[in-house]
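# Coordinate inspection notes
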Amino acid sequence: MAVGRSLLMLLGLLGVAQGLPNGYVWGCYNISKSFPFCDSSLDVEHRLDDLLNRMTIDEMIGLMSPWVASGVGICNFMDAGVPRLGIPPYMHLVEFNTGVASACYGEDKCATNFPGPTGLGASYNRTLWNMKGAVMSDEMRAFNNLNWHRGTPDAPLSLIALTGYGPNININRDPRWGRNSEVPSEDPFLAGTYAENYVRGGQVGSDPRYTKVAMGLKHYAAYSMETNRASFIPDISMHDLWETFLPGYRLGFSPEHGNASLTMCSYAGLNGVPSCANGYLLGTVRKTFNNPDVVVGSDCGALNNMLQHNHYAKDLVDMSNLTLSAGADQELGDSLWGDKKTGGSDGLSKLISIDPSAPGKIKASVRRSLKLRFKTGMFDPVDGQPYTKIGAEAINSTLHQQLNLEAAQQSFVLLKNTNNVLPIGTSKKLAIVGPHIVSQRDLMSDYASDNVCLDTTYSCIPTIGGVFAQRYPQGNLLSAQGCDLNSTNASAIPDAVNAAKAADVTIMFLGLGHDQEHEGEDRMEVTLPGQQLELFSQVLAVGKPLVVVLINGGQVSIGSVKDQATAIVEAFYPSVRGADALFNVLIEGVNNWGKMPYTVMPAEDVYALDLANFNMSKPPGRTYKYYQNTPEWEFGYGLSYTNFSISCSLTAAPTSPTISIQNVGPVDGSEVIMVFHRVSDQIRASAPHPVPKKELIDFQRVAVGKSATETVTFNIPQSAFAVVDQNGNQQVYKGTHYLDFTNGVFTCTGTYNI
């Protein structure tokens, strides 16, 4: 504890007491203010040269690996700083996928927690993703300016800085993956476009001089299995790597798109080589993104896995050489690189003693890491930096809450609506049943904020049952849970049946929760767990309209429920505003539905796939691109409370097609138009590699008032007609190509000979 107090003194007395946000370089106000690295009139490269030339190699190593004695958890990675130059210790890991990982600052001042990324992917809304980034960067800046901390056990030592690890853009490769709720889609273009807009919204603010926060993409690159994750390294063809696993990162990293600042090399790897030692992924591939300043931090403990689990490295020095040479910059979760004086194992120091090139590599890594801090303004005077003025008023503000509610409403997908049973209105006798009517934690995806509620529980999250009881007319609502999410106890099912008998219509809230899908464990079953199907069967037998709402992250195969339910809604994990959003949509008729971000396969087809096989086209095939059979729900499918017709104005040249969307139904609404590229059977038959059935190349979301018509124009470059060959290269094959313009229900097609 004495060490922790010493750290607080170092962070607080020398920086915070001077009115500086956490991580800002107090030395530039006194002991180092005359040095060129503190001169904000000079360019960043000049300042970095000066700073690095003043540092010893031991001080550089102290910035690359956790300062174990700091009292901060080593996964959060607090470096040792450079006190001699007035550079404070800096905590590098703040999770940034769904909410800023933090403790609550006060009553109603917990970080805004957005719906799970899978639901946000379903919105197909670039503007929404950008605004999410802006909200979260405002709140991270507020926590940083307030010298606030995470809600992890190392609080209050874990002061929040300005590097946020998010978004996670691995793909929904297999429905059983435990972390499906953390990612936006099975499609790399949709996932990458989500990353591009989320990162732009978070990093780019009103002041072009500074990066608002530095954001990092997880988990680079082909990570989508929890089983044996410390040792498993998948075999992946160049075709699958470049068609499926890398395109999202290209959109996230490239300066003309997302321009992300960081990445996390994953527990996985490629063809026998772990990610954090993979020179192809960290070197060759990364160069193609044209973003040489990206900082590579290891996933927590990934370097130690090379010694203890996958045994890729012979010993400590070999591991240090392999990872440093490949392009890793920071070690999270261990201090194998670190100096013994800071609690490490001396891996880099031992490497230096036998490899004269190691100091240059260390200096290059530290240069990348420090450059981020220059870009965020930490070496500049705080006066005149607008982001340093953001305060507690930004945290979970009214505006942020409203955007969070709108995000939830756009994340739902209407899958079925027989006889327009939805929206229900408030005049009917309504029963709400099912395990999720009492859920709080299980309305959240993984990687919500450290603390969602001030008391550190989930007690402040409104339940579906509670919101419906408050907002539905008194005397017209019945409720009964019926069963838990995953229990063999069916004794309460008769209560739900009785509620349904007394009602005109029943809404049943089913699905998964944190116990079924989470980091560290894959889900072996993809059907509804416990007694949920029995609950459905008995309530169905009542013979009255039955609406099923699914709350989950990864896909749930519902089998005969698809045909038997009157209406079905996929709600994913809607987060803290989820209960109100569901009432607004199901009862009041808010009509801003999304589209499916992944394919839902029948359970038997999922089980026919080897979870550990990353071949995307092996029958029955993975994702909409290669799945050969009939899905329960298609990628891109989704209905509305109104009806839309689409017509296409297509010319011989496909460069600027225009699509008209007419709302011919009874209410205002919004619609998503997707563009898919596919090739002719002749091209497919002659290609010496797998060719997808179709591939998403663009989309737009548009609001269309009742009886109104809106038009959208797409810009289709020649490169959109390319497919990935067996070597991972883009090829535009001569022959007939098609562009399908669709809202997931109706399609018009353009034919082009190239």
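We now turn to the structure provided with this report. Note that the structure is predicted; figures quoted are calculated from it, not measured.

## Here's the deal with the overall build of the chain
Looking only at helices and strands, one finds 22 helices and 22 strands in the chain. A compact globule built from 754 residues would reach a C-alpha radius of gyration of about 27 Å, and the chain, at 26 Å, matches this within 12%. Its C-alpha atoms give the chain principal-axis dimensions of roughly 75 × 65 × 50 Å. Looking at the chain residue by residue over its 754 residues, the buried ones come to 63%. Long-range contacts, defined here as pairs at least 24 residues apart, represent 76% of the contacts in the chain between residues at least 6 apart.

## A short note on the nonpolar core
Formed by 121 residues in total, the largest nonpolar core has its most connected members in Leu51, Met55, Tyr220, Val366, Leu370 and Phe379. Among the elements that take part in this core, helix α5 (residues 126-145) stands out by supplying 7 residues, more than any other.

## Overview of the state of the cysteines
Under the counting rule described, the total for this entry stands at 6 disulfides. Between cysteine 28 and cysteine 38 runs a disulfide, and the two sulfur atoms are separated by 2.0 Å. In this structure, the disulfide formed by cysteine 28 and cysteine 38 twists by about -75° around the S-S bond and is classed as left-handed. In this pair, cysteine 28 is assigned in the loop between α1 (2-12) and α2 (44-54) and cysteine 38 in the loop between α1 and α2, connecting sequence segments 10 residues apart. Looking at cysteine 28, the relative accessible area reads 13%, which means it is buried. The disulfide bridge from cysteine 453 ends at cysteine 460, spanning 2.0 Å between sulfur atoms. One quick way to see it: the torsion about the S-S bond of cysteine 453 and cysteine 460 is about -85°, and its sign makes the bridge left-handed. Sequence-ordered numbering of the bonded cysteines in the chain gives a pairing of 1-2, 3-8, 4-5, 6-7, 9-10, 11-12.

## Description of the sheet that holds strand β16 (residues 669-679)
If you walk across this open sheet you meet the 4 strands as β17-β16-β21-β22, and the pairing is antiparallel. Edge positions in the sheet fall to β17 (695-704) and β22 (747-753), since each of these pairs with one other strand and no more. Each neighbouring strand pair of the sheet contributes to a mean axis angle of 15°, computed without reference to strand direction.

## Describing the side chain of aspartate 698
If you trace the backbone, aspartate 698 turns up in strand β17. A polar contact is formed between the side chain of aspartate 698 and the side chain of arginine 126, at a distance of 2.9 Å.

## Notes on the packing of aromatic side chains
Here the structure, examined in full by the defined rule, presents 30 aromatic pairs. With 5.7 Å between their ring centres and 80° between their planes, tryptophan 177 and tyrosine 223 make a pair best called edge-to-face. Here the residue tryptophan 177 occupies a position in the loop between β2 (163-168) and α6 (188-203), and tyrosine 223 occupies one in the loop between β3 (214-220) and α7 (238-245), the gap between them amounting to 46 residues. For the pair tryptophan 177 and tyrosine 223, a shared accessibility class is recorded, and that class is buried. Summarising the aromatic geometry, the rings of tryptophan 633 and tyrosine 637 are spaced 6.1 Å apart at their centres and angled 20° between planes, so their arrangement reads as stacked. Given the relative accessible area of 6%, tryptophan 633 is considered buried. Given a relative accessible area of 22%, tyrosine 637 falls into the partly exposed group. Members of the aromatic cluster, connected to one another through ring pairs, are Phe96, Tyr124, Trp129, Phe189, Tyr194, Tyr198, Tyr624, Phe635, Phe676 and Phe699. Between arginine 126 and the ring centre of phenylalanine 699, over which it is positioned, the NZ or CZ distance is 4.2 Å. Stacked on the ring of tyrosine 447, the Lys or Arg lysine 218 has its end atom at 4.3 Å from the ring centre.

## Observations concerning the sheet that holds strand β7 (residues 295-298)
What the 5 strands build is an open sheet, ordered β1-β2-β3-β4-β7; its pairing is parallel. With one partner strand each, in any of the chains shown, β1 (94-95) and β7 form the two edges of the open sheet. Inspection of the sheet shows β2 paired to β3 by 4 bridges, in the parallel sense. Across the sheet, the residue bridging to threonine 163 is alanine 214, located in β3. Those strands touched by α6 are β2 and β3, and its axis lies near 155° from that of β3.

## A few points about the environment of asparagine 76
Looking at the secondary structure, you find asparagine 76 in the loop between α3 (57-61) and β1. When the C-alpha atoms of asparagine 76 and serine 158 are compared, they prove to be 7.7 Å apart, with 82 residues separating the residues in sequence. In contact with asparagine 76, not counting residues within four places along its chain, are Met91, His92, Leu93, Arg150, Thr152, Asp154 and Ser158.

## A look at helix α15 (residues 464-471)
Looking only at α15, the buried set comprises Ile464, Gly465, Val467 and Phe468. Considered in projection along α15, the buried side chains sweep an arc of 165° and stay on one side of the axis. Tucked inside the fold, the buried residues of α15 contact β9 (430-433), β10 (477-480), β11 (505-511), β12 (546-551) and α19 (578-586).

## Observations concerning the pairing of β9
Taking every second residue as pointing to the same face, both faces of β9 are buried, with Leu430 and Ile432 on one and Ala431 and Val433 on the other. Across 4 bridges, the pairing between β9 and β10 is parallel. Of the residues in β10, the one forming a bridge with leucine 430 is leucine 477. Viewed along the sheet, the connection from β9 through α15 into β10 turns out right-handed. By the bridge criterion, 4 bridges tie β9 to β11 in an arrangement that is parallel. By the bridge assignment, leucine 430 is partnered in β11 with valine 505.

## Here's the deal with the pattern of salt bridges
Counting across every chain of the model gives 29 salt bridges. A salt bridge links arginine 54 to aspartate 50; the shortest N-O distance between them is 3.0 Å. Taken as a pair, arginine 54 and aspartate 50 lie in helix α2 at a separation of 4 residues, close to a single helical turn. Here arginine 176 makes a salt bridge to aspartate 174, at a shortest N to O gap of 2.7 Å. Judged by its relative accessible area of 7%, arginine 176 falls in the buried class. Exposure remark for aspartate 174: the relative accessible area of 0% places this residue in the buried category. Shared partners join several salt bridges into a network, and the residues in it are Glu45, Asp49, Asp293, Arg367, Lys371 and Lys375.

What counts and how
- Residues numbered from 1 in each chain as written.
- Predicted model: local features only at pLDDT ≥ 70, side-chain atom pairs only at ≥ 80, totals over all residues.
- Heavy atoms only, no water.
- Helix = DSSP H or I, 4+ residues; strand = E, 2+ residues; numbered from the N terminus.
- Rg over C-alpha atoms; globule rule 2.2 N^0.38 Å.
- Buried < 20%, exposed > 50% of the residue type's maximum accessible area, 1.4 Å probe, protein only.
- Contact = heavy atoms within 4.5 Å.
- Core = buried A, V, L, I, M, F, W, Y, C linked by side-chain atoms within 4.5 Å.
- Disulfide = S-S within 2.5 Å.
- Pairing = 2+ DSSP bridges.
- Axes fitted to C-alpha atoms, helices over the stretch in contact; angles between N-to-C directions.
- Polar contact = N/O pair within 3.5 Å; in protein donor to acceptor, adjacent residues only side chain to side chain.
- Phe/Tyr/Trp six-rings, centres within 6.5 Å; stacked < 30°, edge-to-face > 60°.
- Lys NZ or Arg CZ within 6 Å of the ring centre and 35° of its normal.
- Arc of directions from axis to C-beta.
- Right-handed = clockwise from strand over helix to strand, strands pointing away.
- Salt bridge = Lys/Arg side-chain N within 4 Å of Asp/Glu carboxyl O.

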